[in-house]
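# What the coordinates show
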Protein chains: 2
Amino acid sequence: MVREHTIDSGLIHHAWDRDLAPALVIEPGDTVHFDLFMAGDGQVSEGATIEQAAFDFETIYNLSGPVAVEGAEPGDTLEIEILSLRPGEWGWTVFLPELGLLAEDFPDAYLTTWDLRGGERATLVPGVEVPFAPFLGTMGNCVEEPGRHLPFPPHRGGGNMDNRHLVEGSTLWLPVLCDGALFSCGDPHAAQGDGEVCVSAIECGMQATLRFHLRKRSIPAPAFRSPPGPLGASAASAGYYATMGIAPDLMEGAKAAVRSMIAWLVEGQGLSREDAYVLCSVAGDLKILEVVDAGVWNVSMAMPLAVFVS
Amino acid sequence: MVREHTIDSGLIHHAWDRDLAPALVIEPGDTVHFDLFMAGDGQVSEGATIEQAAFDFETIYNLSGPVAVEGAEPGDTLEIEILSLRPGEWGWTVFLPELGLLAEDFPDAYLTTWDLRGGERATLVPGVEVPFAPFLGTMGNCVEEPGRHLPFPPHRGGGNMDNRHLVEGSTLWLPVLCDGALFSCGDPHAAQGDGEVCVSAIECGMQATLRFHLRKRSIPAPAFRSPPGPLGASAASAGYYATMGIAPDLMEGAKAAVRSMIAWLVEGQGLSREDAYVLCSVAGDLKILEVVDAGVWNVSMAMPLAVFVS
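As a starting point, this report considers the structure included with it. Please read these numbers as outputs of a predicted model, since none were measured by experiment. (Residues numbered from 1 in each chain as written. Chains lettered and ligands numbered in written order. Predicted model: local features only at pLDDT ≥ 70, side-chain atom pairs only at ≥ 80, totals over all residues. Heavy atoms only, no water.)

### Observations regarding the overall build of chain A
In terms of helices and strands, chain A carries 3 helices and 18 strands. In terms of C-alpha radius of gyration, chain A reaches 19 Å, essentially the compact-globule figure of 19 Å for 310 residues. Dimensions of chain A, computed from C-alpha atoms along their principal axes, come out at roughly 55 × 50 × 35 Å. Of all 310 residues assigned to chain A, the portion counted as buried reaches 61%. For chain A, contacts bridging at least 24 residues in sequence account for 78% of all contacts bridging at least 6. Split by element, the accessible area of chain A, about 10700 Å² in all, is 50% carbon and sulfur. Averaged over its 17 positive side-chain charges, chain A has a centre that lies 7 Å from the centre of its 42 negative ones. (Helix = DSSP H or I, 4+ residues; strand = E, 2+ residues; numbered from the N terminus. Rg over C-alpha atoms; globule rule 2.2 N^0.38 Å. Buried < 20%, exposed > 50% of the residue type's maximum accessible area, 1.4 Å probe, protein only. Contact = heavy atoms within 4.5 Å. Areas by Shrake-Rupley, 256 points an atom, 1.4 Å probe, with all protein chains shown as cover. Lys, Arg positive; Asp, Glu negative; His and termini not counted. Charge placed at Lys NZ, Arg CZ, Asp CG, Glu CD.)

Written as structure tokens, this is what we have:
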């Protein structure tokens, strides 16, 4: 028997807390439909400027759940099949003082919003379009420590992993830390690059359908399987322009690579510095090219050239 | 007029040195054919065990060059079109004490060799095959400081970048640091993952054809453009299994992700620990999933499932 549930979309929470009452109790094998609010729902509106938005990090993430899975115990593994992901009608991307990879380069906040109604790509500026590759920035089992824990950063049971590879067709495995697993999700993203360098993705609401299985084995950390075929094949269709940050520290290498990419986007492609940083966050990928060469590492920021459509 | 050259393959050197006599002088626009020795040529033989090999890091890289480009000056950019790359007949992968991402986990040296004569894939063990994606681990302009400099680590003018994305059809841009650029290349790899985590790739000889252009503009660091279409589409055809390392330090996250992958390869796929580490190095990719979540980062090791052919 296949059991499907629709979780009450009004039962949202803003923090991990093992004492929260479950919003839904399911059996292993069950499927759950979620109607997820965007991060910052009610704090930012379509077309708003940064002056018109007010971000409250205490309530910015609207997590749906907890979903209690019957029989789940600490040491088990929760398997989540990502069956369907449908972004909402619009989205936003922000960067804020003291947050993001290049916080020292971008002291002032900046906000842009996106029209997602086209269904496949969203326009940053004329000639620059970001293809959708929707996923949930946050999927997690509740932390074991009692009390209230903010939904970021990620933890051993998952959470705010911001893993863009968890697209439709993927399978995610998460360590169970509490009886019932107490799974929650939210923070939907229409698109994001590896790194999420400016601190946000294309944040949006999302219809999501997930199927849950329980595995009576332990894993040390979250793991996943992506669907057959290259991720973002349409994004890759025109190849990549990529920069390298060669440095004795991976973080410094990442910063150098993103700085070089921003310079190229500004000088070569005519973007504003702010939009260049946003584009790196929503469409560019940070790769560790090598981490073994005599104390000097190589980190790349790769931008799919398919974003340039003019 | 298109000018093509074949560089004397016997004119090899083992270090960067701006006072080396050029092996070849070319004009911008010229094409050069290289017949490149494998790294460690003469130090390791096909089918050898680690006891039968003797690695000398002073001479392990057999760089072909320097190629002097007429008119190149410090501040210019050398553009290199990677026209053709053909691996030799066999290759090797090693890890050695105190080198590699997981040096503390693997104190003992290990060597495996690969038969590359099939032309498309090489077998690690029965049922595990690595698709070729050839590139040159080292392409660089000579360092500006006089004297002899070992060919690793990479430097501002390129060098031992170990960038697996520089496959046939790619274009590489390198800062010129000396008059004439003094480009050299070597360290050919039949395949490597992002990270090269065990410290070596599938090291092999290679026939390489490169075309050089001179750009009278400056770039801060090496950059490149990959050819249209997803890199390693055949490797991606079956999707990826991937682990995550969630940690407050990118290096620690990378180590955790590779350790989880090795555990999965050993327990789930029956590989030896040593072969699992080698497979991570030659076929697995390190990605920075996020570097912005409240001080805790997420690094992934992704293994293409197409390597499992049985």
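### Quick word on the packing of aromatic side chains
Evaluation of the coordinates by the stated rule reveals 22 aromatic pairs over all chains. Both rings, one in A:Phe55 and one in A:Trp92, keep their centres 5.0 Å apart while their planes meet at 40°; by these two values the pair is tilted. Of this pair, A:Phe55 sits in the loop between β4 (31–36) and β5 (63–69) while A:Trp92 is found in strand β6 (residues 77–95), placing the two residues 37 residues apart along the sequence. The exposure classification of A:Phe55 matches that of A:Trp92, with both residues buried. An aromatic cluster is defined as three or more aromatic residues linked by ring pairs; in this entry it consists of A:Phe95, A:Phe106, A:Tyr110 and A:Tyr277. The lysine or arginine in question, B:Lys287, covers the ring of B:Tyr240, its NZ or CZ lying 6.0 Å from the ring centre. (Phe/Tyr/Trp six-rings, centres within 6.5 Å; stacked < 30°, edge-to-face > 60°. Lys NZ or Arg CZ within 6 Å of the ring centre and 35° of its normal.)

### What about the layout of surface pockets?
Taken as a whole, the second largest pocket holds about 350 Å³ of empty space. For the second largest pocket, the lining is made up of 28 residues, of which A:Val292, A:Asp293, B:Phe57, B:Leu99 and B:Val199 are closest to its centre. Breaking the lining of the second largest pocket down by element, the ones donating at least two residues are β6 (77–95) and α2 (250–269) of chain B. Class assignment of the residues belonging to the lining of the second largest pocket gives a composition of 17 nonpolar, 3 polar and 8 charged. (1 Å grid on protein atoms, 1.4 Å probe; cavity = no way out; pocket = protein on both sides within 12 Å on 5 of 7 lines; lining within 4 Å. Points joined across faces, edges and corners; volume = space filled by probe spheres on them. Nonpolar A, V, L, I, M, F, W, Y, C, P; charged D, E, K, R; others polar.)

### Quick word on the pairing of strand β18 (residues 297–304) of chain B
All names here are of chain B. Of all the 8 residues making up β18, 8 are buried; the element is thus mostly covered by neighbouring parts of the structure. Of the two faces of β18, the one holding Trp297, Val299, Met301 and Met303 and the one holding Asn298, Ser300, Ala302 and Pro304 are both buried throughout. Bridge count between strand β16 (residues 240–247) and β18: 8 bridges; the pairing is antiparallel. Across the sheet, Thr243 pairs through a bridge with Met301, a residue of β18. Here strand β17 (residues 285–290) runs beside β18; their pairing, made up of 5 bridges, is antiparallel. (Pairing = 2+ DSSP bridges.)

### With respect to the relation of the copies chain A and chain B
The two copies are related by a screw operation: chain A maps onto chain B through 180° of rotation and 0.0 Å of translation along the axis, at an RMSD of 0.0 Å. Given the turn and translation reported, the copies of this chain are related as if by a two-fold rotation axis. In terms of proximity to the rotation axis, the leading residue of chain A is A:Lys287, whose C-alpha is 2.3 Å off the axis. In this assembly, 100% of the residues forming the interface of chain A have copies in chain B that are likewise at the interface, indicating an isologous arrangement. (Least-squares fit on C-alpha atoms with pLDDT ≥ 70 in both.)

### Considering the pattern of salt bridges
Residue and element names in this part refer to chain A. Evaluated as defined, the whole model comprises 36 salt bridges over all chains. One salt bridge in this structure joins Glu58 and Arg148, with 3.5 Å as the shortest N-O distance. Of this pair, Glu58 sits in the loop between β4 and β5 while Arg148 is found in the loop between β10 (135–141) and β11 (158–159), placing the two residues 90 residues apart along the sequence. Look at Glu58 and you get partly exposed, because its relative accessible area is 40%. Salt-bridge contacts for Lys216 lead to Glu73; the nearest nitrogen and oxygen are separated by 3.1 Å. In this pair, Lys216 sits in the loop between β14 (203–215) and β15 (223–225) while Glu73 sits in the loop between β5 and β6, placing the two residues 143 residues apart along the sequence. In this structure Glu73 comes out as partly exposed when scored by relative accessible area, which is 42%. (Salt bridge = Lys/Arg side-chain N within 4 Å of Asp/Glu carboxyl O.)

### Let's talk about the nonpolar core
Ranked by size, the top nonpolar core spans 169 residues in total, and within it A:Phe34, A:Phe183, A:Leu279, B:Phe34, B:Phe183 and B:Leu279 carry the most contacts. The biggest single contributor to this core is helix α2 (residues 250–269) of chain A, with 9 residues. (Core = buried A, V, L, I, M, F, W, Y, C linked by side-chain atoms within 4.5 Å.)

### Some points on α2(A)
If you check α2(A), its first and last C-alpha atoms are 27 Å apart, about what 20 residues at 1.5 Å a residue would give, namely 28 Å. Among all positions of α2(A), only A:Leu250, A:Met251, A:Gly253, A:Ala254, A:Lys255, A:Ala257, A:Val258, A:Ser260, A:Met261, A:Ile262, A:Trp264 and A:Leu265 are buried. Turning to α2(A), the residues buried within the fold contact β16 (240–247), α3 (273–283), β17 (285–290) and β18 (297–304) of chain A together with α2 and β18 of chain B. The backbone nitrogen of A:Met251 has a side-chain oxygen 3.0 Å away, supplied by the residue at the start of α2(A), namely A:Asp249. With its phi angle positive at about 80°, A:Gly270 sits one or two positions after the end of α2(A). (Expected span 1.5 Å × (residues − 1). Polar contact = N/O pair within 3.5 Å; in protein donor to acceptor, adjacent residues only side chain to side chain.)

### Brief notes about the side chain of A:Thr209
Residues and elements named next belong to chain A. Its location among the elements puts Thr209 in strand β14. According to the relative accessible area criterion, Thr209 is buried, its value standing at 12%. Setting aside its immediate chain neighbours within four residues, Thr209 contacts Thr31, Val32, His33, Glu81, Ile82, Leu83 and Ser84.

### Quick look at unusual backbone geometry
Of note, the amide linkage connecting A:Phe152 to A:Pro153 takes the cis form, showing an omega dihedral of 0°. By the secondary structure assignment, A:Pro153 is in the loop between β10 and β11. The amide bond that connects B:Gly65 to the next residue, B:Pro66, takes the cis arrangement and shows omega of -5°. Phi is positive for A:Glu98, close to 70°, though the residue is something other than glycine. Secondary-structure assignment places A:Glu98 in the loop between β6 and β7 (110–115). With a relative accessible area of 74%, A:Glu98 lands in the exposed category. Residues other than glycine seldom take positive phi values, yet A:Asp162 does so here, at roughly 50°. Structurally, A:Asp162 can be placed in the loop between β11 and β12 (171–175). According to the relative accessible area criterion, A:Asp162 is buried, its value standing at 0%.

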